[in-house]
Amino acid sequence: MTGSYDAIWQALFATLDALPANSSSADKQRRGNQFEQMLYMMFEAAGMEPRTRYRPTGEEIDGSFLHRGRPMLLEAKWTSEPVPASTLYQFRGKVDGKLMGTLGLFISMAGYSSDAVDALVAGKTLNLILFDGDDMRKVAQPNGIDIGRALDLKLRAAAEEGTPFVPLQDPSTTNTTAQKIIVIVEGNYDARIVSTLARLHRRQGQISVIPAMGRLNLPLVAQAQLHIFPEVKELVIIADGDGIPAEVRLNLERAISPADTYQKPKITLVVLEPDFETALGLTTPGARRRPEPREVVERLPELNLLRLAESNPELARLFYALRLLKG
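Below: a short report on this structure. Fair warning: this is a prediction, and the values are worked out from it, not measured in the lab.

## Looking at the sheet that holds strand β1 (residues 63–67)
Sheet architecture is open: 4 strands sit in the order β1-β2-β3-β4, paired in mixed fashion. One side of each edge strand has no neighbouring strand; the edge strands of this open sheet are β1 and β4 (128–132). Pairwise comparison of adjacent strand axes, ignoring direction, gives a mean angle of 30 degrees for this sheet. Judged from the 5 bridges that link them, strand β3 (residues 103–108) and β4 form a sheet pairing that is parallel. By the bridge assignment for β4, Ser108 is matched with Asp132. Sitting on the sheet, helix α6 (residues 147–161) touches β1, β2 (70–77), β3 and β4, and the angle it makes with β4 is about 130 degrees.

## So, helix α5 (residues 133–140)
Most of α5 sits out of view: 6 of its 8 residues are buried. The backbone nitrogen of Asp134 lies 3.2 Å from a side-chain oxygen of the residue at the head of α5, namely Asp132.

## Observations concerning the packing of α6 against helix α9 (residues 218–228)
Two numbers describe how α6 lies on α9: the axes approach to 10 Å, and their chain directions differ by 115 degrees. Classified by chirality, the crossing of α9 by α6 is right-handed. Of the residues in α9, those touching α6 at Ala157, Glu160 and Glu161 are Leu220, Gln223, Ala224 and His227. Tallied by class, residues from the contact of α6 with α9 come to 3 nonpolar, 2 polar and 2 charged.

## Here's the deal with the sheet that holds strand β7 (residues 234–240)
Across the sheet, which stays open at both edges, the 4 strands sit in the order β6-β5-β7-β8 with parallel pairing between neighbours. Two strands lie at the open edges of the sheet, namely β6 (207–211) and β8 (266–272), each paired on one side alone. For this sheet, the mean inter-axis angle between neighbouring strands, taken without regard to orientation, is 20 degrees. Across 5 bridges, the pairing between strand β5 (residues 181–185) and β6 is parallel. Within β6, the residue paired with Ile181 across the bridge is Ile207. Against the sheet, α9 engages β5, β6, β7 and β8, with an angle of about 170 degrees to β7. Contacting β5, β7 and β8, helix α14 (residues 313–321) runs over the sheet at an angle of about 140 degrees to β8.

How each quantity is defined
Residues numbered from 1 in each chain as written. Predicted model: local features only at pLDDT ≥ 70, side-chain atom pairs only at ≥ 80, totals over all residues. Heavy atoms only, no water. Pairing = 2+ DSSP bridges. Helix = DSSP H or I, 4+ residues; strand = E, 2+ residues; numbered from the N terminus. Axes fitted to C-alpha atoms, helices over the stretch in contact; angles between N-to-C directions. Contact = heavy atoms within 4.5 Å. Buried < 20%, exposed > 50% of the residue type's maximum accessible area, 1.4 Å probe, protein only. Polar contact = N/O pair within 3.5 Å; in protein donor to acceptor, adjacent residues only side chain to side chain. Left-handed = near helix turned anticlockwise from the far one by under 90°. Nonpolar A, V, L, I, M, F, W, Y, C, P; charged D, E, K, R; others polar.

These figures capture arrangement, not role.
This is the structure in structure tokens:
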């Protein structure tokens, strides 16, 4: 019975996920309501005793469920824009007002703004874990990651590393991830650049790119990967210098320690000044507008990596670490 019920909510998720971006506001609002129903079905199928939207005095909470006997509050949004830090703060306030030790799960299909995850990392306490759209797709696909297992991975990373967000790995590739070069980047924008470069140079099968959704979260996600895949041999971390490259590098070096893994992996830190796209020559320093991802992808085939490496030691370190250049 459980298997057939899983198929129902997974099929509903696939239908909702296929809604065109240019759909009407009414269709998107309907999708949001159906998304809540789908989440209820998912938690119910997993035996987590979900409770739908309810209203304590002065506030509204999307729902709650039990994970291994522990109550967790739920908030879920399917919007066109990433969730900002202010929305996470608002939900964290709701969680703070409950029984001490209560945790919250926030699901944002559009992901999170560039400062949202780092805002939680920089806070005094951590009582939220975050899922984005890619995480939900890995849970909702047939033979995907069980929601209980996904929560376990997120909660352990939060407890051990202090990170509210660690992207889930595709279950079809987890057996081979340890043999790949794991690349941790600040966000989806940089992830798209690395993935496209890997594809252009026929390296996509050997590189696994993971967005940390924030610079403060970079070392935490990197440390979590070393624990999830203790046999990993190579880890590359790419950060924006933002005018203080020496400070950024020092902070990353202090935060990452592979000493407790089975074997010490090769860790390459790359700090691009002031950011990835500027270092590649895809925009000018101080440009008022960041190029759209589509614009960047279209221009990447034009790049002369050898010439860039000769003029920028950090890019040279990156290109050779990813085997985009041989030497």
